[in-house]
Amino acid sequence: MDQGDAVPIAELWEERRFLLDVARWMLGDPGAAESVVDEAYHRWYGLSDAARRPVTVPRSWLAKTVGGICLSRLALPGWGAVGHAEGHAARPSEAEAGRVVLNALESLSTDERAAFVFRAFGMAPRTVADIVGRSEPELAELADRARKWLGLQRTRSTTPQQHDAVARAVRRACVTEDGELLTSLLCSDVTAFFDGGGKLRALTGPVHGSRPVAGSLLTLLARRPRTTLATHSVNGRTGLVARYGRQVAAVISLDVANDRVAQVWVMLNPDKLWSWNQPRADGGADPDESPGQ
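Residues numbered from 1 in each chain as written. Predicted model: local features only at pLDDT ≥ 70, side-chain atom pairs only at ≥ 80, totals over all residues. Heavy atoms only, no water.

**Student:** Looking at this structure, how should I read the sheet that holds strand E2 (residues 207–208)?
**Tutor:** Strands in a sheet are paired, the pairing made by backbone hydrogen bonds, and the direction either parallel or antiparallel. Here 6 strands make up an open sheet; going across it, the order is E2-E1-E6-E5-E4-E3 and the pairing mixed. Sheet topology places E2 and strand E3 (227–234) at the edges, where each strand pairs with a single neighbour. Here strand E5 (residues 247–257) runs beside strand E6 (residues 260–267); their pairing, made up of 7 bridges, is antiparallel. Its bridge partner being in E6, Ile 252 is matched across the sheet by Val 266. Each of strand E1 (186–195), E2 and E6 touches helix H13 (residues 210–220); the most contacted strand, E1, lies at about 40° to it. (Pairing = 2+ DSSP bridges. Helix = DSSP H or I, 4+ residues; strand = E, 2+ residues; numbered from the N terminus. Contact = heavy atoms within 4.5 Å. Axes fitted to C-alpha atoms, helices over the stretch in contact; angles between N-to-C directions.)

**Student:** Sorry if this is basic, but what is going on with the environment of Trp 265 here?
**Tutor:** For Trp 265, the location among the structural elements is in strand E6. Using a relative accessible area of 8% as the deciding quantity, one classes Trp 265 as buried. As a C-alpha pair, Trp 265 and Asp 195 span 70 residues in sequence and 7.9 Å in three-dimensional space. Engagement of the side chain of Trp 265 in a polar contact is seen with the side chain of Asp 255, the distance being 2.8 Å. (Buried < 20%, exposed > 50% of the residue type's maximum accessible area, 1.4 Å probe, protein only. Polar contact = N/O pair within 3.5 Å; in protein donor to acceptor, adjacent residues only side chain to side chain.)

**Student:** Honestly, the pairing of E3 in this entry has me stumped. Any pointers?
**Tutor:** If a strand is regular, its side chains alternate between the two faces of the sheet. Both E3 and strand E4 (residues 237–244) contribute to a ladder of 8 bridges, which runs antiparallel. The partner of Leu 229 across the bridge, within E4, is Ala 242.

**Student:** How do you make sense of helix H1 (residues 9–27) when you look at a structure like this?
**Tutor:** In an α-helix there are 3.6 residues to a turn, and that puts residues three or four apart on one side. For H1, with 19 residues, the first-to-last C-alpha span of 27 Å sits near the 27 Å given by 1.5 Å per residue. Residues of H1 that are buried include every one of Glu 15, Phe 18, Leu 19, Leu 20, Asp 21, Val 22, Ala 23, Arg 24, Trp 25, Met 26 and Leu 27, and no others. (Expected span 1.5 Å × (residues − 1).)

**Student:** It is not clear to me how helix H11 (residues 160–175) should be interpreted in this structure. Could you clarify?
**Tutor:** Here H11 contains 16 residues, and its C-alpha end-to-end distance of 22 Å stays within 8% of the 22 Å for a straight helix at 1.5 Å per residue. Along H11, the residues classified as buried are His 163, Val 166, Ala 167, Arg 168, Ala 169, Val 170, Arg 171, Ala 173 and Cys 174. On its buried face, H11 sits against helix H12 (179–184), H13, E3, E4, E5 and E6. The first or second residue beyond H11 is Glu 177, which carries a positive phi of 55°.

**Student:** What's the story with the packing of aromatic side chains in this structure? I'm lost.
**Tutor:** Any pair of aromatic rings gets described here by the distance separating the centres and the angle formed by the planes. With the rule as written, the count across this model stands at 2 aromatic pairs. When the ring of Phe 193 is compared with that of Trp 265, the centres are 4.7 Å apart and the planes differ by 20°; the resulting orientation is stacked. Highlighted residues: Phe 193 in strand E1 and Trp 265 in strand E6, separated in sequence by 72 residues. An identical accessibility class is assigned to Phe 193 and Trp 265; each is buried. Note that Arg 59 overlies the ring of Phe 18, its terminal NZ or CZ placed 4.0 Å from the centroid. Between Arg 226 and the ring centre of Tyr 244, over which it is positioned, the NZ or CZ distance is 4.8 Å. (Phe/Tyr/Trp six-rings, centres within 6.5 Å; stacked < 30°, edge-to-face > 60°. Lys NZ or Arg CZ within 6 Å of the ring centre and 35° of its normal.)

**Student:** Is there a simple way to think about the pattern of salt bridges in this case?
**Tutor:** Two side chains bearing opposite charge may form a pair once their charged atoms approach each other closely. This model, assessed by the stated rule, comprises 9 salt bridges. For Arg 17, the salt bridge identified is with Glu 14, shortest N-O distance 2.5 Å. Taken as a pair, Arg 17 and Glu 14 lie in helix H1 at a separation of 3 residues, close to a single helical turn. In this structure Arg 17 comes out as partly exposed when scored by relative accessible area, which is 49%. When the shortest N-O distance is used, the salt bridge between Arg 16 and Asp 38 registers 2.9 Å. Of this pair, Arg 16 sits in helix H1 while Asp 38 sits in helix H2 (residues 30–46); the two residues are 22 residues apart in sequence, bridging distant segments of the chain. (Salt bridge = Lys/Arg side-chain N within 4 Å of Asp/Glu carboxyl O.)

Given below as structure tokens:
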């Protein structure tokens with residue numbers, strides 16, 4: 001290793017934390033996650049100079065390796081029973097990522113779980129498809145199915161009226177930049193996912209906890225000239241749409257449980273917002289849109 005291989009200590013720690021988060025979400029076991037990440041680094045340092053030279057982004061190589069190891073472990077007979085037998089009934093990762101989310105992830109197929117987790121952590125679709133062994137269209141379908149299932153687990157006991165009231169309160173808190181109010185509207189273990197599709201500098205991993213999520217949303221939706229935030233029907237329930245000028249810049253869906261937001265899904269990928277930015281045939285505004293409420 002020469003001087004050109006030196007890496008800032010902050011980058012080293014951020015990289016390891018990112019890899020641990022991926023492994024925890026896949027396996028639901030912090031001890032197993034540590035083992036997986038250690039194995040990934042072991043494989044990295046086991047590469048010859050010739051094999052390592054073409055790797056331009058080591059973090060991506062490590063993330064792909066972590067994903068592959070996780071899938072291999074999940075395929076082992078009796079993996080779930082072994083994981084629960086190791087005394088992780090109250091897992092630290094559950095407190096960090098949300099007990100219900102992890103429990104719901106365990107109900108998904110391995111491929112659905114992998115597609116959801118790897119995409120949530122900002123891995124490129126081609127990389128994830130490579131890890132899972134599926135085509136990119138199949139991967140998109142798996143991730144969408146997983147997302148809908150997870151949303152259903154959190155919203156099944158919430159009426160449309162309750163959901164609508166919470167969504168409108170979230171909008172008011174964002175528009176008035178009231179951090180305390182916004183925090184009070186979020187579950188303590190809320191998780192926010194940001195999908196920029198690699199097309200802009202969105203957050204690349206989930207954000208956990210009411211205060212960090214509130215801060216991320218207020219930063220993203222900070223009042224600026226030409227920026228507006230409105231309530232709008234999103235996936236059949238009240239969500240939020242942020243515009244820059246006349247362009248839809250973000251679509252936000254909320255999963256609500258017990259009158260609090262349990263999950264936040266922020267779509268920022270311009271490709272996926274294409275349909276939101278097509279002119280209506282009648283040239284009018286969407287009747288569901290309520291910018292003043």
